[in-house]
Amino acid sequence: MASTLFSAHFVLKLLFVFSLIHTSFGARKLTALFVQPLSTQLTYHNGPLLSGDITVNLIWYGIFDPSQRSIISDFILSLSSSPSQPQSQPSVAKWFANTNQYYPFVQGRNPTSVSVSLGNQTLDESCSLGKSLTQNNITQLASTAYQTNAIVIVLTSADVLVEKFCMICGTHGSSDNKLVYIWVGNSETQCPGHCAWPFHQPLYGPQSPPLIAPNADVGMDGVVINVASLLVGAITDPFGNGIYQGLAVAPLEACAACAGIYAKGAYAGFPGKLLVDPTTGASYNAVGVNGREYCLPACFDPLTSSCSTLV
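In short, a report on the structure. (Residues numbered from 1 in each chain as written. Predicted model: local features only at pLDDT ≥ 70, side-chain atom pairs only at ≥ 80, totals over all residues. Heavy atoms only, no water.)

### Section: the overall build of the protein chain
Alright, step 1. A tally of helices and strands in the protein chain yields five helices and 19 strands.
Alright, step 2. When contacts within the protein chain are restricted to residue pairs at least 6 apart in sequence, those whose partners lie at least 24 apart make up 74%.
Alright, step 3. When the accessible surface of the protein chain is split by element, carbon and sulfur atoms take 54% of a total near 12500 Å². (Helix = DSSP H or I, 4+ residues; strand = E, 2+ residues; numbered from the N terminus. Contact = heavy atoms within 4.5 Å. Areas by Shrake-Rupley, 256 points an atom, 1.4 Å probe, with all protein chains shown as cover.)

And the structure:
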């Protein structure tokens, strides 16, 4: 029987939800839903969380130009604070540090923490498995970059078709309780109204004008949002028996519990009061290395029983 992560049930009033549901293989499903206030209880299911120093290895499947690759690599580098590259506030590192608040609530285990660093990057521009991939192909690709204490992120380019893409924006999963991986596709041309909102007109719901993407690339700024959400999910629920709400076959994980919320004041069709760059007009809520701006999803904060936003 799963033990309760928190001493009391957390009640979360979400005014706007694009539902992000993890299936048994860790799929992040994006469905436009408008719901009444939702009761959210995150429970610890007795399995391990990733902790300590974690390496993130990237596999670039298909054609990504150098500027696109730097958007993601800079994001990974920004997740940990570095005295040599201080980050302006609100920082990506501060956003990621909230993940550490889950560990003290894991009963029977010593409080611990997690940090990440950028590891190897592999380019597969020739698309060695073709341009139409199954989820098994994603696992196969991820296994080529496996190492202990690592998460492998497979990123597929805009012209690569992946099974269930557009029903889901990405997945996280594991193999033999060892390999932990994430897949996210570039939604520049495939369902940007799902996977790149709020930087593209939404497919459903209120048709507010899209915001300007902070890195001037709607598809890749959407990738950042999905990678960020799935990374926290992969750390706190790597093997399907970690921290989540609901059934194991469709778990609602830490950031999925705050779907559609990016800043304070979020409501149906409105991501919240994001910061706006005075030069570019782009919307963002976090700053990383090299002054790069990002828009990151809110995640559930177990200390405040609410969705945690940087702004």
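### A look at the packing of aromatic side chains
Geometrically, a pair of aromatic rings is defined through the distance of the ring centres and the angle of the planes.
Alright, step 1. Scanning all chains against the criterion turns up five aromatic pairs.
Alright, step 2. With a centroid separation of 6.1 Å and 55 degrees between ring planes, the pair formed by Trp 197 and Tyr 262 is classed as tilted. Pair noted here: Trp 197 is in the loop between α4 (192-195) and α5 (218-236) and Tyr 262 is in the loop between β13 (243-244) and β14 (275-276), with a separation of 65 residues, a long-range link. (Phe/Tyr/Trp six-rings, centres within 6.5 Å; stacked < 30°, edge-to-face > 60°.)

### Regarding the state of the cysteines
Alright, step 1. Scanning the entire structure with this criterion turns up four disulfides.
Alright, step 2. At a sulfur-sulfur separation of 1.8 Å, the disulfide partner of Cys 255 is Cys 299. Given an S-S torsion of about 65 degrees, the disulfide between Cys 255 and Cys 299 has right-handed geometry. One end of the pair, Cys 255, is in the loop between β13 and β14; the other, Cys 299, is in strand β18 (residues 299-301), and 44 residues separate them in sequence. This pair shows no difference in class: Cys 255 is buried, exactly as Cys 299 is.
Alright, step 3. Disulfide pairing places Cys 258 opposite Cys 307 at an S-S distance of 2.1 Å. With the S-S dihedral at roughly -100 degrees, the linkage between Cys 258 and Cys 307 falls on the left-handed side. In this pair, Cys 258 is assigned in the loop between β13 and β14 and Cys 307 in strand β19 (residues 306-308), connecting sequence segments 49 residues apart.
Alright, step 4. Judged by its relative accessible area of 1%, Cys 258 falls in the buried class. (Disulfide = S-S within 2.5 Å. Buried < 20%, exposed > 50% of the residue type's maximum accessible area, 1.4 Å probe, protein only.)

### Thoughts on helix α1 (residues 66-78)
Alright, step 1. Here α1 contains 13 residues, and its C-alpha end-to-end distance of 18 Å stays within 8% of the 18 Å for a straight helix at 1.5 Å per residue.
Alright, step 2. Taken as a whole, α1 has its buried residues at Gln 68, Arg 69, Ile 71, Ile 72, Ser 73, Asp 74, Phe 75, Ile 76 and Ser 78.
Alright, step 3. The inward-facing, buried residues of α1 abut β6 (52-61), α2 (92-97), β7 (114-124), β9 (150-156), α5 and β17 (293-294). (Expected span 1.5 Å × (residues − 1).)

### Some thoughts on unusual backbone geometry
Alright, step 1. For the peptide bond that leads from Gln 89 to Pro 90, omega is -5 degrees, which places it in the cis range.
Alright, step 2. Examined against the element boundaries, Pro 90 turns out to sit in the loop between α1 and α2.
Alright, step 3. Omega for the bond connecting Trp 197 with Pro 198 falls within 30 degrees of zero, at 15 degrees, which places this linkage in the cis form.
Alright, step 4. With respect to the secondary-structure elements, Pro 198 resides in the loop between α4 and α5.

### Remarks on the pairing of strand β11 (residues 168-175)
Alright, step 1. Across the eight residues of β11, six count as buried, placing the element largely inside the fold.
Alright, step 2. Sheet analysis places β11 next to strand β12 (residues 179-185), joined by six bridges and oriented antiparallel. Within β12, the residue paired with His 172 across the bridge is Ile 182.
Alright, step 3. Counting the residues that bridge the hairpin from β11 to β12 gives three residues, and of these Asp 176 lies at a positive phi of roughly 55 degrees. (Pairing = 2+ DSSP bridges.)

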